[in-house]
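# Examination of the molecular architecture
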Amino acid sequence: MGKIVRGQKIGILTAGGDCPGINAAIRGVGKTAIVKYGMRLVGISDGFTGLITKEYRELTEHDLSGILTLGGTILGTSREKPFKGMGKGKNEISKPVLIKEHYEQMGLDCLVCIGGNGTLKTANLLSQEGLNVVGIPKTIDNDVWGTDLTFGFDSAVNIATEAIDRLHSTANSHKRIMIIELMGHNAGWIALYSGIAGGGDVILIPEIEYNEEKIAEYLLHRVNENKPYSIVVLAEGIKNPAKDRSAAQYISKRINEMTGLETRETVLGYIQRGGTPSPMDRVLATRYGTAAADMIAERDFGKMVALKDNRIVSVSLGEVSGKLKLVEPNDPLVIQAQNMGTSFGI
Ligand code: F6P
């Protein structure tokens, strides 16, 4: 362990799409920083926007009570990308310059950035600009490079699985093909995990290119096997040739056209991101938050906290930035699901 520096002033922000567990992470950072290290905590509003507009407030230990179970983020969030389009408006002071000035004016010793890929990319650029930055990975998509898990993912999988469970009974009653579209951006983690947890018959993810004929053949084979209803779980990022409709609507229509089977689609949407975090997400977010405070005390900056083999480690922001953690087509979970007869449309 390096030399511990007490009494520092920490700025903390949350950026990108919200997810369950953010407040648990803020609480983990803040309580450890205040109680263990005698530090001060400044909450910056609405992601990087608050650093540009200098909107912030000091957070006491009292402010961190009662937020563990809350969904969303008490700080607000935005998708502001301060480095985007830089150098275009010649006479404008650039946003990164403003951020650096405000960081100094606010008397910050460091900045904690809680976010997904976009946020961590910005965090890395700010670190290269000389700010002391610590990253905490959060997203329901679970697609941050360098960590086994992001918080938010477990809650999203729980919500999606419950939705699939509910579709089973109505699919069975009507002998229909039920298609459910889940979030995940370009990654298939939510669809893969909840597809398996919810017993989806077909799971479609962006990392494995599906073939419509194979899906149709598979569903008709199930009907011949006296299984008249099926559940198709798909990720929003799969190939969708119909630009004006959701992937679920496209697949639903194609299945109906190719098989004559009755189909219905559900797009679960933002329900997956809302509400209280699962206990697993509360624990992971707390572990990340407390570890981030420990890193600050040791002035170990330019890094992101991460989970590796169930241990908390740190990885350099430079290593994480600009990369995506996608599902490998031969991921053991994919193979195991295929071994049990689940179709990935191939
Ligand atoms: O990254 C989380 C996520 O919910 C993705 O799954 C989804 O594609 C995206 O955010 C939606 O973004 P927005 O909140 O900007 O609509």
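In this text the structure is predicted, and so the values were computed from the model without any measurement.

Thresholds applied
Starting afresh in each chain, residues are numbered from 1 along the sequence in its written order. Residues qualify for local features only when their pLDDT is at least 70, as the model is predicted, and side-chain atom pairs are given and counted only at 80 or more; totals for whole chains, interfaces and linings, by contrast, use all residues. As a convention, hydrogens and water are excluded, and side-chain values are obtained from all of the structure's heavy atoms. Where a domain begins and ends is set by an automatic assignment or by a domain database. The contact criterion used is simple: two residues touch if any of their non-hydrogen atoms lie within 4.5 Å. When two parts are brought into contact, each loses some accessible area as probed by a 1.4 Å sphere; the total of that loss over both is the buried area. Between Lys or Arg on one side and Asp or Glu on the other, a salt bridge is scored when a side-chain nitrogen of the former is within 4 Å of a carboxyl oxygen of the latter. DSSP bridges decide pairing: two strands pair if at least two such bridges lie between them. For the purposes of this entry, the term helix denotes a DSSP run of H or I that reaches at least four residues, the term strand denotes a run of E that reaches at least two, and both are numbered from the N terminus. Orientation is described by lines fitted to C-alpha atoms, with helices fitted over the stretch in contact, and by angles between N-to-C directions that extend from 0 to 180 degrees. Within this scheme, the nonpolar core is defined by two criteria: the residues are buried Ala, Val, Leu, Ile, Met, Phe, Trp, Tyr or Cys, and they are joined through side-chain atoms within 4.5 Å. Think of it in three bands: with a 1.4 Å probe and only protein chains considered, a residue is buried below 20% of the maximum accessible area for its type, exposed above 50%, and partly exposed in between.

Segmentation of the chain into domains returns domain 1 (9–152 + 277–320) and domain 2 (155–273). Facing the 13 residues of domain 1 at the interface are eleven residues of domain 2. Across the domain 1 to domain 2 interface the summed buried area is about 890 Å²; carbon plus sulfur atoms make up 49%. Among the residues domain 1 hides against domain 2, the three largest losses belong to Asp18, Ile140 and Asp141. Together they make up 50% of the total. Our enumeration of links across domain 1 and domain 2 arrives at one salt bridge.

A few words on the sheet that holds strand E9 (residues 263–267). If you trace the four strands from one edge of the open sheet to the other, you get E7-E8-E6-E9, paired in parallel fashion. Edge strands, defined here as strands with exactly one partner in the open sheet, are strand E7 (202–204) and E9. Taken pair by pair, the neighbouring strands of this sheet meet at an average axis angle of 15°, ignoring direction. The sheet contact formed by strand E6 (residues 177–182) and E9 spans five bridges and is parallel. From the neighbouring strand, Ile177 faces E9, where its bridge partner is Thr263.

The next point concerns the nonpolar core. Core analysis: the largest hydrophobic core is formed by 107 residues, its most contacted members being Leu111, Ile114, Ile136, Phe151 and Leu204. Residue contributions to this core peak at nine residues, all from helix H9 (residues 279–297). Here this core spans two domains, and each of domain 1 (9–152 + 277–320) and domain 2 (155–273) adds at least three residues to it. Excluding its chain neighbours within four sequence positions, the residues that come into contact with Ile136 are Val29, Val112, Cys113, Ile114, Gly115, Leu120, Phe151, Tyr288, Gly289, Ala292, Met304 and Val305.

Here we come to the pattern of salt bridges. Tallied over the full model, the rule gives 17 salt bridges. The salt bridge partner of Arg273 is Asp18, with a shortest N-O separation of 3.0 Å. Of this pair, Arg273 sits in the loop between E9 and H9 while Asp18 sits in the loop between strand E1 (9–14) and helix H1 (22–37); the two residues are 255 residues apart in sequence, bridging distant segments of the chain. Owing to a relative accessible area of 22%, Asp18 belongs among the partly exposed residues under this scheme. A salt bridge links Glu212 to Arg254, with the nearest nitrogen and oxygen atoms 2.8 Å apart. Of this pair, Glu212 sits in helix H7 (residues 212–224) while Arg254 sits in helix H8 (residues 247–259), and the two are 42 residues apart along the sequence. Salt bridges here are not isolated pairs; linked through shared partners, they connect Glu212, Lys253, Arg254 and Glu257.

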